[in-house]
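Structural description and commentary
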Amino acid sequence: MSFWPDTVALVTGAAGFIGSHLIRRLPTLGTQVHAVSRRPQRARAGETWHVADLSDAEATTRLFRSVRPSLLFHLASEVTGSRGDEVVRPTLESNLIGTVNVLAAAKEFAVKTVLTGSIEEPRPGNGQAPPSSAYAMAKWAATGYADLYHRLWGLPVTVLRPSMVYGPDQPDTSKLVPYVTLCLLRGQRPSLTKGSKLADWIYVDDVVDAFVSAGESDEAIGHAVDIGTGVSTSARHVVEKLHHIIGAGEAPEFGTVPDRTHDIPQVGDIEPAAAKLGWQPATSLDEGLRRTVNWYASQESHEKSQP
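Residues numbered from 1 in each chain as written. Predicted model: local features only at pLDDT ≥ 70, side-chain atom pairs only at ≥ 80, totals over all residues. Heavy atoms only, no water.

**Re the overall build of the protein chain**
Definition in use: Helix and strand definitions follow DSSP, with helices as H or I runs of at least four residues and strands as E runs of at least two, each counted in order from the N terminus. For each residue, the accessible area found with a 1.4 Å probe, counting protein chains only, is set against the maximum for its type, and the residue is called buried under 20%, exposed over 50%, and partly exposed in between. Contact between two residues is taken to exist if any of their heavy atoms lie within 4.5 Å; hydrogens are not considered. The Shrake-Rupley method, run with a 1.4 Å probe, gives the accessible areas here. Residue values count only the displayed protein chains as cover. Under the counting rule used here, the positive set is Lys and Arg, the negative set is Asp and Glu, and His together with the chain ends is not counted. Taken as the charge centre is NZ of Lys, CZ of Arg, CG of Asp or CD of Glu, depending on the residue.
The helix and strand inventory of the protein chain stands at 9 helices and 11 strands. When the backbone C-alpha atoms are referred to their principal axes, the protein chain occupies close to 60 × 50 × 40 Å. Burial status across the protein chain gives 50% buried among its 307 residues. Across the protein chain, contacts joining residues at least 24 apart in sequence account for 79% of those joining residues at least 6 apart. Summing over all exposed atoms, the protein chain offers an accessible surface of approximately 14,100 Å²; the carbon and sulfur share of this is 50%. Distance between charge centres in the protein chain, computed from 29 positive and 34 negative side chains, equals 2 Å.

**A short note on the UniProt feature "domain: NAD-dependent epimerase/dehydratase" (unreviewed entry) in the protein chain**
Put simply, the rule reads: UniProt positions are given in the numbering used here, feature names are shortened, and annotations may be inferred rather than shown by experiment.
Per the UniProt record, "domain: NAD-dependent epimerase/dehydratase" (unreviewed entry) is annotated on residues 9-228. In residues 9-228, the share of helix is 38% and the share of strand is 19%. The end C-alpha atoms are 24 Å apart.

**A short note on the packing of helix H1 (residues 17-25) against helix H6 (residues 204-216)**
Each packed pair of helices is defined by two parameters, the angle between the axes and the distance between the axes. Worth spelling out the cut-off: For helices, the fitted axis covers only the stretch in contact; all axes are lines through C-alpha atoms, and the angles between them, taken along N-to-C directions, range from 0 to 180 degrees. Helix crossings get a hand from a simple test, with the near helix turned counterclockwise from the far one by less than a right angle marking a left-handed crossing and a clockwise turn marking a right-handed one.
Running from amino to carboxyl end, H1 crosses H6 at an angle of 65°, the nearest separation of the two axes being 9 Å. Taken as a pair, H1 and H6 cross one another with a handedness that is right-handed. Here H1 contributes Phe17, Ile18, His21, Leu22 and Arg25 to the contact with H6, which in turn contributes Val204, Asp205, Val207, Val208, Asp209, Phe211 and Val212.

**Description of the environment of valine 257**
Tracing the chain through its elements places valine 257 in the loop between helix H7 (235-246) and helix H8 (271-277). Taking the relative accessible area as the measure of exposure, valine 257 reaches 31% and is therefore partly exposed. As for valine 257 and leucine 192, which are separated by 65 residues in sequence, their C-alpha atoms are 5.6 Å apart. Dropping the residues within four chain positions of it, valine 257 is found in contact with Ser191, Leu192 and Thr193.

**Regarding a negative patch on the surface**
Test applied: For patch detection, residues must exceed 30% relative accessible area and be free of salt bridges, and they are connected within 9 Å for like charges or within 5 Å for nonpolar side chains (Val, Leu, Ile, Met, Phe, Trp, Tyr). Take a side-chain nitrogen of Lys or Arg and a carboxyl oxygen of Asp or Glu: if they are within 4 Å of each other, that pair is a salt bridge.
A surface patch of negative charge is lined by Asp53, Asp56, Glu58 and Glu93. Turning to its location among the elements, aspartate 53 is positioned in the loop between strand S3 (48-51) and helix H2 (57-67). On the basis of relative accessible area, aspartate 53 is assigned to the partly exposed category, the value being 40%.

**As for the sheet that holds strand S10 (residues 224-227)**
Selection rule: Strand pairing requires that DSSP identify at least two bridges connecting the strands.
The sheet built from 7 strands is open, its strands ordered S3-S2-S1-S4-S5-S6-S10 with parallel pairing. Either end of the sheet is taken by a strand with one partner, and the two such strands are S3 and S10. Across the sheet, the mean angle from the axis of one strand to that of its neighbour is 20°, orientation sign disregarded. Two strands pair when backbone bridges link them, and strand S5 (residues 112-116) and strand S6 (residues 157-162) are joined in this way by 4 bridges, in the parallel orientation. Across the sheet, leucine 115 pairs through a bridge with valine 159, a residue of S6.

**Things to note about the packing of aromatic side chains**
Each aromatic ring pair is summarised here by two numbers: the centre-to-centre distance and the angle between the ring planes. For clarity, the threshold we go by: What counts as a ring pair is set by centres within 6.5 Å for rings of Phe, Tyr and Trp (its six-membered ring), and what kind of pair is set by the plane angle: stacked under 30 degrees, edge-to-face over 60, tilted for all other angles. By definition, being over a ring means that NZ of Lys or CZ of Arg is both within 6 Å of the ring centre and within 35 degrees of the ring normal.
Scanning all chains against the criterion turns up 5 aromatic pairs. Taking NZ or CZ as reference, arginine 236 lies 4.1 Å from the ring centre of phenylalanine 254, over its face.

**Here we look at the pattern of salt bridges**
Summed over the entire model, instances satisfying the criterion amount to 14 salt bridges. In this structure, aspartate 286 and lysine 241 form a salt bridge, with 2.5 Å as the shortest nitrogen-oxygen distance. Of the two residues, aspartate 286 sits in helix H9 (residues 285-305) while lysine 241 sits in helix H7, which places them 45 residues apart along the sequence. Notably, a salt bridge pairs arginine 290 with glutamate 287, separated by 3.2 Å at the nearest N-O pair. Remark: glutamate 287 and arginine 290 occur in helix H9; sequence separation between them is 3 residues, near one turn of the helix. Three or more residues are tied together by salt bridges with common partners; here these are Arg24, Arg44 and Asp169.

**Section: the side chain of threonine 7**
On the secondary structure map, threonine 7 appears in the segment before strand S1 (8-12). Among residues more than four places away in sequence, those in contact with threonine 7 are Thr31, Gln32, Ser70 and Leu71.

**Concerning the packing of H2 against helix H3 (residues 88-108)**
Packing of H2 against H3 leaves a shortest axis separation of 9 Å and a crossing angle of 40°. Handedness of the crossing formed by H2 with H3: right-handed. From H2, Ala57, Thr60, Thr61, Phe64 and Arg65 reach across to H3, where they touch Asn101, Val102, Ala105, Ala106 and Glu108.

Structure, rendered in structure tokens:
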């Protein structure tokens, strides 16, 4: 990949899982990075932090006017798999209204945009299955608005739809991979569903590669593409792999908590990403899980060594 010495990149949701990995990658390309969060953050790789509520249209415009980015990575999102109606408004405000405000500002300041969608949106790869959560519904609508801004007003926007992302330093440790990893490393027994859910597990570094490719290329502008491996793996199989890598004693017990309702198996169709971004996943599930376990094990060891 080439260097971007003249690029000013604005990364929303930069304190999140993918965003935090992305802001560590971009400076290696020579990029000037401006990171956005709803709460104050400490710089990790020389980035400049901004605090902004993107559901506020005026605040969003002020942010763009101040930074004057040439490239936007929009990852800010209220991420939840809840099927409860209590998440409808938070996901609407963060994932849809916030995105529309960002798209409007990107149009005003002529900013090339890479938007984060969801593998759970209706798409050819899942037979246009309807959204199974408020989160997926808001993401689907946001992708629709991105298409609208591209078709009507010429905004150069690409939508990437990551599948089930995992890897080191995942802030939400209630997610399956960090949760099970930490339980096993600590000699605890995780509480698990039957583990029958099928998902397309993609290593976070590969996802960052896809975002960088989308920022670099114009071929996918006006398109939404899946970012996954194209391989379906059950949650149970992932847990069993983690148990094997860690070498924990007693095998995990499945079925101690109920399965989540309305789950639909989601597998990425990665051919469009290969054709339009020149991107393919590079990390096998075994290797990605091994790297993840090693990272969490080193963190646990470091914490134990502290006085």
